[in-house]
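Spelled out, the chains give:
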There are 2 protein chains.
Amino acid sequence: MSTVASAALPRPKQRRLSPEDRRSDFIRKAAEFFSEEGFDGGTRELARKLGVTQPLLYRYFPSKEDLIREVYRTVYLDRWNPEWDALLTDRSQPIRERLQHFYEAYTDAIFTREWMRIYLFSGLKGVEINRWYVGIVEDRILKRIVVEYRHEAGLPEQEPEPAELELGWVLHGGIFYYGVRKHIYGSNVLEDKDRVISNALDVFLEGISRVFGTGVKVRSTLVRRPGSGDEG
Amino acid sequence: MSTVASAALPRPKQRRLSPEDRRSDFIRKAAEFFSEEGFDGGTRELARKLGVTQPLLYRYFPSKEDLIREVYRTVYLDRWNPEWDALLTDRSQPIRERLQHFYEAYTDAIFTREWMRIYLFSGLKGVEINRWYVGIVEDRILKRIVVEYRHEAGLPEQEPEPAELELGWVLHGGIFYYGVRKHIYGSNVLEDKDRVISNALDVFLEGISRVFGTGVKVRSTLVRRPGSGDEG
DNA sequence: CAGCTTATTTATCATATGAAAAATAAGACG
DNA sequence: CGTCTTATTTTTCATATGATAAATAAGCTG
């Protein structure tokens, strides 16, 4: 058999990795893979991307479902920066600035194609961790926004009412949807994310102060005009 | 062979339907099916739900992908009520009321579990019809909101700027996300959808009038307060 | 180098999948 | 009722899938 002179794939040459490295590599690349293919993506194709054979996956994870669970963990957990808790409740600075800084940082953390796709895929599957995360968002972000806003506006302290939380969700969802359009739909969004956040916050805080009937100045420090394009 | 006395499945007894009826029935139920299972749902399970055998599907659709395309059509198309075009641009009534009526009707049309799930599934697949639909939303809804708002606010007529459209998207996405939370995440949302819309519009229109630096009265007729719960 | 552990691969299984071919029977028409 | 059309089912195929068992070889220890 005349072996063709050209590169005949010089044999995969298996290389042993430490189980820890292999495992974490699997999870990280599986997150990439499933984020593109969805969780119905095949283990063989995944293994090809990993540069190993498919059965090796089953030495590290009892089942595909277990691997997926690990992917959830890396995507959902450890994404929250503990400093954000202090930031959102730091009454030494106005809520306008707190929210601007928070949403800039938060969207830096989650506005990736990988994160958003896995978030939506898992949301459609209805997995528990997704519902848990939605609860976290409400508790750690939206309730605080309402409480802190009420405080700054001089309104009486009280548990956020459902209608107030819904308004928080409209803001949050509106910002989130910007990420969906950019990273999932591939729309031609306005590239300046921080400006989109700024405008959204301006409208939200100005609007809510009107709707709630207080004249609190929420734009005391950061004054921007959408479309003027002269703030940077 | 001692046939068991109990109900031995009295034989499916095939029933012929007119091709038109069969076909439309397939598409309608396939939409239900795929909205739950995702487009990776199997044709056999689908056929079971349809009460027919799996190969029959292939008499009506050359391939599974063709069937899915038909599902897209029923979900994406014919969902837009032509009256909405006139409604949104009807300058005989204030924009506040126009938007309230429009979003009540629009969300009545799309806030179903089936629609939202298929919309998200197809968005994740990146199919063309989804991108097309996003363009429709921008052209038929958001651009009009900006134009009509500018008109009512006495601002100069001009093509909506990207930053203005982004603000429209934040409103739209915020309302949309309410539907996602209710119909996909199964969250305990505030059930009064029209009130959520009303509050979102109040905040948006009040806020934008402030941010744009005009004092136009956008709540001249409908005045509601979130959380007061006394407007019904 | 010899010997051992185990990471990795090869081979294989049972089942599920989209799809096609052939067989059957429902129902319309004379 | 007899005949014909065709909607529907039965069989079957080729391939893909998640998962397991056995074989191989990388690389550490002596």
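As shown above, the structure is provided for reference.
Criteria and cut-off values
- Residues numbered from 1 in each chain as written.
- Chains lettered and ligands numbered in written order.
- Predicted model: local features only at pLDDT ≥ 70, side-chain atom pairs only at ≥ 80, totals over all residues.
- Heavy atoms only, no water.
- Near = heavy atom within 4 Å.
- Polar contact = N/O pair within 3.5 Å; in protein donor to acceptor, adjacent residues only side chain to side chain.
- Helix = DSSP H or I, 4+ residues; strand = E, 2+ residues; numbered from the N terminus.
- Contact = heavy atoms within 4.5 Å.
- Buried area = accessible area lost by both parts, 1.4 Å probe.
- Salt bridge = Lys/Arg side-chain N within 4 Å of Asp/Glu carboxyl O.
- Nonpolar A, V, L, I, M, F, W, Y, C, P; charged D, E, K, R; others polar.
- Phe/Tyr/Trp six-rings, centres within 6.5 Å; stacked < 30°, edge-to-face > 60°.
- Buried < 20%, exposed > 50% of the residue type's maximum accessible area, 1.4 Å probe, protein only.
- Core = buried A, V, L, I, M, F, W, Y, C linked by side-chain atoms within 4.5 Å.
- Least-squares fit on C-alpha atoms with pLDDT ≥ 70 in both.

Caption draft 1: Geometry of the protein's contact with DNA strand D. Near DNA strand D, the surroundings consist of 23 residues, among which Arg16(A), Arg44(A), Tyr58(A), Lys64(A) and Arg22(B) are the closest. Restricting attention to atoms of DNA strand D within 4 Å of the protein, one finds that 55% of them are sugar or phosphate atoms. A distance of 2.6 Å separates a base nitrogen of DNA strand D from a polar side-chain atom of Arg16(A). Within the backbone of Thr43(A), an N or O atom sits 2.7 Å from a phosphate oxygen of DNA strand D. Those elements giving two or more residues to the surface near DNA strand D turn out to be helix H2 (43-50) and helix H3 (54-60) of chain A together with helix H1 (19-37) and helix H3 (54-60) of chain B.

Caption draft 2: Examining the interface of chain B and chain A more closely. Across the boundary between the two partners, chain B contributes 49 residues, which contact 48 residues of chain A. Both sides of the chain B and chain A interface together cover about 4300 Å² of buried area, and 67% of this is carbon and sulfur. Residue Glu166(A) pairs with Arg181(B) through a salt bridge whose shortest N-O separation is 2.9 Å. Taken together, chain B and chain A are joined by 12 residue pairs in polar contact (both at pLDDT 80 or more). Elements that contribute at least two residues to the side of chain B that touches chain A include exactly helix H7 (113-125), helix H8 (128-152), helix H9 (162-183) and helix H10 (193-211) of chain B. For the side of chain B that touches chain A, the leading source of residues is H9(B), giving 13 residues. The class makeup of the residues in the side of chain B that touches chain A is 26 nonpolar, nine polar and 14 charged.

Caption draft 3: Broad picture of the packing of aromatic side chains. Under the defined criterion, the tally for this structure stands at 52 aromatic pairs over all chains. Aromatic pair Phe34(A) and Phe39(A): ring centres 5.6 Å apart, planes at 40°, arrangement tilted. A relative accessible area of 1% places Phe34(A) in the buried class. On the accessibility criterion, Phe39(A) (7% relative accessible area) is buried. Where Tyr119(B) meets Tyr133(B), the ring centres are 5.7 Å apart and the plane angle is 70°; that geometry is what we call edge-to-face. Of the two residues, Tyr119(B) is situated in helix H7 and Tyr133(B) in helix H8; the sequence distance between them amounts to 14 residues.

Caption draft 4: Summary view of the nonpolar core. Within the largest apolar cluster, 151 residues are counted, with the highest numbers of intra-cluster contacts made by Tyr103(A), Tyr106(A), Tyr119(A), Tyr103(B), Tyr106(B) and Tyr119(B). What Tyr106(B) contacts, discounting residues up to four positions off in sequence, is Trp80(B), Trp84(B), Tyr133(B), Val137(B), Ile141(B) and His172(B).

Caption draft 5: Representation of unusual backbone geometry within the structure. Residues and elements named next belong to chain A. A positive phi is found at Asp78, a non-glycine position, where the angle reads about 55°. Of note, Asp78 is situated in the loop between helix H4 (64-76) and helix H5 (83-89). Classification of Asp78 by relative accessible area gives exposed; the value is 78%.

Caption draft 6: Spatial organisation of the relation of the copies chain B and chain A. Once chain B is rotated about the relating axis by 180° and shifted along it by 0.0 Å, it coincides with chain A to within an RMSD of 0.0 Å. Viewed as a symmetry operation, the transformation between the two copies matches a two-fold axis. Counting the interface residues of chain B, we find that 98% of their copies in chain A are interface residues as well, pointing to one common contact surface.

Caption draft 7: Spatial organisation of the pattern of salt bridges. According to the stated counting rule, one finds 40 salt bridges over all chains in the structure shown. The salt bridge involving Asp202(A) is made with Arg96(A); its shortest N-O contact spans 2.9 Å. Linking Asp202(A) in helix H10 (residues 193-211) with Arg96(A) in helix H6 (residues 95-110), this pair joins segments that are 106 residues apart in sequence. We classify Asp202(A) as buried; its relative accessible area is 0%. A salt bridge links Glu148(B) to Arg98(B); the nearest nitrogen and oxygen atoms lie 2.8 Å apart. Within this pair, whereas Glu148(B) is found in helix H8, its partner Arg98(B) is found in helix H6 (residues 95-110), the two being separated by 50 residues in sequence.

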